[in-house]
Amino acid sequence: MPNAKDTPAAPRHVAIIMDGNGRWAQSRGKPRLYGHHAGAKRVREVVEACPDLGVKYLTIFAFSTENWKRTQAEVSGLMKLFRRYLTKEAQSLFKNGVRVRFIGDRIKLDDTLVRMMDELELLTADNTKVHLTIALNYGGRDEVARATKRLAREVAQGHIDPETVDAETLARFLDTYVLPDPDLVIRTSGEARISNFLLWQSAYAEYEFVDTLWPDFTADEFGRVVHSFAGRKRRFGAVPG
Ligand code: FPP
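The following paragraphs examine the structure supplied in this document. (Residues numbered from 1 in each chain as written. Predicted model: local features only at pLDDT ≥ 70, side-chain atom pairs only at ≥ 80, totals over all residues. Heavy atoms only, no water.)

### Description of the nonpolar core
Considering soluble globular proteins, one finds that nonpolar side chains tend to be buried as a cluster. With 47 residues, the main nonpolar core has Ile 16, Leu 58 and Phe 222 as its most contacted residues. Per-element tally for this core: the top contributor is helix H3 (residues 72–95), with nine residues. Residues in contact with Phe 222, not counting those within four places in the same chain, are Val 14, Ile 16, Val 46, Ala 49, Cys 50, Leu 53, Leu 58, Ile 186 and Phe 217. (Core = buried A, V, L, I, M, F, W, Y, C linked by side-chain atoms within 4.5 Å. Buried < 20%, exposed > 50% of the residue type's maximum accessible area, 1.4 Å probe, protein only. Helix = DSSP H or I, 4+ residues; strand = E, 2+ residues; numbered from the N terminus. Contact = heavy atoms within 4.5 Å.)

Right, here's the structure in full:
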C-alpha cells in the first residue's frame, strides 16, 4: 500500500459510518451482536492505520440517537460491548498516542459507561498522534439543538449579543468545537445515506460509499479509500481559478 504520509492532499479528518454489522452476522446465521463484536475488531485496525495514511483525526459513529429504537437485547449488548471495548483498548490507545474524545449526549448513557468515557478522555488528554472521536448517543440534529440551547442561555444571560450570532458562533457550542471539519466521510455497507451524522460539520466533506460491510472493512481498503480522496478537487463553493 503506498504511503500517503507526505501527501498534502491526504484527508486530515476522516469520519466513518460503520454500517453493515447486522447483515454481516445474519448472512452467517449468527445474531446481530456477533456482527457488532466483529465490527469492534475493525475499529482497532482502522485507528492503527491512520498515522501512516496521514489521517490525524478519525471520527466514528458508534451509536446514534435513533439506535435506541432497536431491541432491548441489541441495545444492552451494544452498551456492554462499548464498556468492554473501553476497558480492553484503553492501554493500547494510550500507548499508541491516540487521544480519545466522545461526542453525543451522555445523559441517556449509563453511569459506568460515562465514567469510563471520562477516564479515557483524561488518560489520553496529552496524546497528539491521532485524534479519535467516538460518537455515542450522537445525532446531528440533536447536537445542533443542544448547542442552540446553550447559545440561547448565553444570550439570555446577556453574555452574547444576538446580532453578532453567526455560523462560527453556533459552531463553538457544538460537541465538535475543538475538531476540524471532516474532509472525507465514508459509509460502509452500500447504503448512500448520512443518517444524521455530523450534519453541520460535513457541509463541504467529500463522501465515499463503499459496498463492503463494516466487519469486512480492512485497513487496506481504508487506505485505498483515503488515497482516492487525493484525486478529488475540492472547491468549497468557489469557482476554480
Ligand atoms: C451499524 O450496523 C452499526 C452500529 C449501529 C454499531 C456500530 C458499532 C460497532 C462497529 C461496534 C464497535 C464500536 C466501538 C467504538 C467499540 P447495523 O447494525 O445497522 O448493520 P445492518 O445495517 O446490517 O443491520
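The discussion continues.
### Some remarks on the site of the ligand
Inspection of the region around the ligand gives 17 residues, with Asp 19, Gly 22, Arg 23, Arg 32 and Arg 70 positioned closest. At a separation of 3.2 Å, an oxygen atom of the ligand approaches a polar backbone atom of Asn 21. Between the ligand and Arg 23 there is a distance of 2.7 Å, counted from an oxygen atom to a backbone nitrogen or oxygen. Look at the ligand: alone it shows 620 Å² of surface, and the protein chains cover 92% of it. Among the cavities detected, the one that contains the ligand is the largest pocket. (Near = heavy atom within 4 Å. Polar contact = N/O pair within 3.5 Å; in protein donor to acceptor, adjacent residues only side chain to side chain. Areas by Shrake-Rupley, 256 points an atom, 1.4 Å probe, with all protein chains shown as cover. 1 Å grid on protein atoms, 1.4 Å probe; cavity = no way out; pocket = protein on both sides within 12 Å on 5 of 7 lines; lining within 4 Å. Sits in = over half its atoms within 2 Å of the grid points.)

### Considerations on the sheet that holds strand S6 (residues 206–209)
A sheet is described by the order of its strands in space; here six strands give the open sequence S3-S4-S2-S1-S5-S6, paired in parallel fashion. Of all strands in the sheet, those with a lone pairing partner are strand S3 (98–103) and S6, marking the two edges. Looking at each pair of strands side by side, their axes are set apart by 20° on average, direction ignored. Looking at chain direction, strand S2 (residues 57–64) and strand S4 (residues 130–138) are connected through seven bridges and run parallel. Its bridge partner being in S4, Thr 59 is matched across the sheet by Thr 133. Packed onto the sheet, H3 meets S2, S3 and S4 and runs at close to 155° relative to S2. (Pairing = 2+ DSSP bridges. Axes fitted to C-alpha atoms, helices over the stretch in contact; angles between N-to-C directions.)

### What about unusual backbone geometry?
At Ser 195, a position not held by glycine, the phi torsion is positive, near 45°. Its place among the elements puts Ser 195 in the loop between strand S5 (184–187) and S6. A positive phi is found at Asn 196, a non-glycine position, where the angle reads about 70°.

### Considering the pairing of strand S1 (residues 13–17)
For S1, a buried count of five out of five residues is recorded, marking the element as mostly surrounded by other parts of the structure. Burial of the side chains of S1 extends over both faces: His 13, Ala 15 and Ile 17 are buried on one face and Val 14 and Ile 16 on the other. Bridge count for S1 against S2 is five bridges, and the pairing is parallel. By the bridge assignment for S2, Ile 17 is matched with Phe 61. In this structure, S1 lies alongside S5, joined through four bridges in parallel fashion. Pairing of Ala 15 across the sheet is with Val 185, part of S5.

### Overview of helix H5 (residues 140–156)
The end-to-end C-alpha distance of H5 is 24 Å, a good match for the 24 Å that 17 residues give at a rise of 1.5 Å each. When H5 is considered as a whole, its buried residues turn out to be Gly 140, Glu 143, Arg 146, Ala 147 and Leu 151. Around the axis of H5, the buried residues are gathered within 135° of arc, so they sit on the same side. In H5, the exposed residues that point more than 90 degrees away from the buried face are Arg 141, Lys 149 and Ala 156. Looking at the buried residues of H5, the elements they touch are S4 and helix H6 (167–171). (Expected span 1.5 Å × (residues − 1). Arc of directions from axis to C-beta.)

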